[in-house]
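Residue strings, one per chain:
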Amino acid sequence: MNVLVTGSGRSGSWIIRGEQLGRAMGATVLANAIDIGPFDVALVVKRPPVDLVRRIHDAAVPLVWDIVDAWPQPHGNDWSRDECIAWLRVQVQAVRPAAIVAPTQAMAEDCAEFGVPVLALPHHARPGQRVNPVRPLRCVGYEGGEQYVRAWGRVMAEECQRRGLLWVVNPESLHECDIVVAVRDQVGYAPRHWKSNVKLANAQGSGTPIVCNRERGYLETAAGGVLFADSRDEMSAALDWLMPEATRRSYSRALIEGAPTLTGCASALLQWIKAQKF
């Protein structure tokens, strides 16, 4: 099967779900592809440009839409479930996908009403990461948009200072961190149910102990070695629990064992696409 992976070519989601996943599948990866005709299926990542959607349909090539992280942000992060579903219905009507890929099982369930095949596909761990050594606790870190953790950032800075630890936002690599957190201030329906597991996946791939909010993306892919916190008290207790090296060593092993790999995710996606009757 000749698979095209395409999209706007911007954003971290494109790098992960477009370039990395597409190449691991053996697909042709082209941002804003022009010539659609040679392909048997077109997998479009995130927010497809209108002209790209038109070209795919004009070529009569089945369009599979990976709706990863596609809702408007940041303001959509405060939407209710009804607002999120209303947005989703409008987008599906415009894109007219023959099948859908969702980053969480929760989003896959929300897409069931559209009457097309839906695959829940989590993010894979970042390729090429080094496994983080377990050492005396020094640094707690966060990867992601700083604007999404203004309140949590203050909490983490204070909790780390109280323990004599360094709090770092967007370290050069997770190798600098002994613990990472996957938290956000926004608690709307989309971030709690549709956000991918990417921060957890990277912690799993590097064996870095992690504390997560109870988002579906993390709850669905936690395979051991994960702590959860939705309040300052829970975060404080989680950090205390992870202080001993022996605890973090045990959690690191469990995280590595449960890491979603690029090869595994690519194989699952390709086999699912091949199984569809477009």
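So, a few notes on the structure that sits alongside this text. (Residues numbered from 1 in each chain as written. Predicted model: local features only at pLDDT ≥ 70, side-chain atom pairs only at ≥ 80, totals over all residues. Heavy atoms only, no water.)

1. With respect to the overall build of the protein chain
Each helix and strand counted, the protein chain has 11 helices and 11 strands in total. Taking 19 Å as the expected radius of gyration for a compact globule of 278 residues, we find that the protein chain reaches 19 Å, a close match to that expectation. In terms of overall dimensions, the protein chain has a C-alpha envelope of 60 × 35 × 25 Å along the principal axes. Per-residue burial for the protein chain yields a buried fraction of 53% across its 278 residues. Put simply, 69% of the contacts in the protein chain that link residues at least 6 apart link residues at least 24 apart. In the protein chain, 30 side chains carry a positive charge and 29 a negative one; their mean positions are 3 Å apart. (Helix = DSSP H or I, 4+ residues; strand = E, 2+ residues; numbered from the N terminus. Rg over C-alpha atoms; globule rule 2.2 N^0.38 Å. Buried < 20%, exposed > 50% of the residue type's maximum accessible area, 1.4 Å probe, protein only. Contact = heavy atoms within 4.5 Å. Lys, Arg positive; Asp, Glu negative; His and termini not counted. Charge placed at Lys NZ, Arg CZ, Asp CG, Glu CD.)

2. Side note on the environment of P171
Within the element layout of this structure, P171 appears in the loop between β8 (166-169) and β9 (179-182). In this structure the C-alpha to C-alpha distance between P171 and G141, which are 30 residues apart in sequence, comes to 6.9 Å. Residues in contact with P171, not counting those within four places in the same chain, are Y142, E143, E176 and C177.

3. Focus: helix α10 (residues 245-257)
Within an α-helix, residues lying three or four positions from one another point in the same direction, as the helix has 3.6 residues per turn. For α10, with 13 residues, the first-to-last C-alpha span of 19 Å sits near the 18 Å given by 1.5 Å per residue. Buried within α10 are the following residues: T247, R248, Y251, S252 and L255. Summarising the axial view, the buried residues of α10 lie within an arc of 135°, below the 170-degree limit, and thus occupy one face. Counted as exposed and oriented over 90 degrees from the buried face of α10: A246 and E257. In this structure, the buried side of α10 is in contact with β9, α7 (198-206), β10 (210-212), β11 (226-228) and α9 (232-241). (Expected span 1.5 Å × (residues − 1). Arc of directions from axis to C-beta.)

4. What about helix α2 (residues 50-58)?
Among the residues making up α2, those that are buried are L52, V53, R55 and I56. Buried residues along α2 cover an arc of 160° about the axis, so they all sit on one side. Across α2 from its buried face, at more than 90 degrees, point the exposed residues V50 and D58. Residues of α2 that are buried sit in contact with β1 (3-7), β3 (41-45), β4 (63-66) and α3 (81-95). Remark: A60 follows α2 within two positions and exhibits a positive phi of approximately 60°.

5. A word on the pairing of strand β5 (residues 99-102)
Burial along β5 is two-sided: the face carrying A99 and V101 and the face carrying I100 and A102 are both buried. When β4 meets β5, the two strands line up parallel, connected through 3 bridges. Residue pairing across strands places V64 opposite A99, the latter belonging to β5. This β-α-β element, β4 to α3 to β5, shows right-handed connectivity. Relative to strand β6 (residues 118-120), β5 runs parallel, the two sharing 3 bridges. (Pairing = 2+ DSSP bridges. Right-handed = clockwise from strand over helix to strand, strands pointing away.)

6. Quick look at the sheet that holds β1
The strand order across the open sheet built from 6 strands is β2-β1-β3-β4-β5-β6, with neighbouring strands paired in parallel fashion. Every interior strand has two partners, whereas the edge strands, β2 (28-29) and β6, have only one. Each of β1, β2, β3, β4 and β5 is contacted by helix α1 (residues 12-25), which is oriented at about 170° to β1, the strand it contacts most. Along the sheet, helix α11 (residues 262-275) makes contact with β1, β3, β4, β5 and β6, crossing β5 at roughly 165°. (Axes fitted to C-alpha atoms, helices over the stretch in contact; angles between N-to-C directions.)

7. Quick look at unusual backbone geometry
For the peptide bond that leads from Q73 to P74, omega is 15°, which places it in the cis range. Position of P74 among the secondary structure elements: in the loop between β4 and α3. Here the phi dihedral of K46 falls at roughly 70°; this positive angle occurs in a residue that is not glycine. Note on placement: K46 falls in the loop between β3 and α2. With phi around 60°, D69 is a residue other than glycine that occupies positive phi space.

8. Structural notes on the nonpolar core
Of all hydrophobic cores here, the largest spans 31 residues; its most connected members are I56, I67, W87, L88 and W194. Looking at this core, the elements that each hand over two or more residues are β3, α2, β4, α3, β5, α4 (105-110) and α6 (189-193). Considering every element that reaches this core, the biggest residue donor is α3, with 6 residues. Setting aside residues no more than four positions away along its own chain, L88 makes contact with I67, M107, D110, C111, F114 and W194. (Core = buried A, V, L, I, M, F, W, Y, C linked by side-chain atoms within 4.5 Å.)

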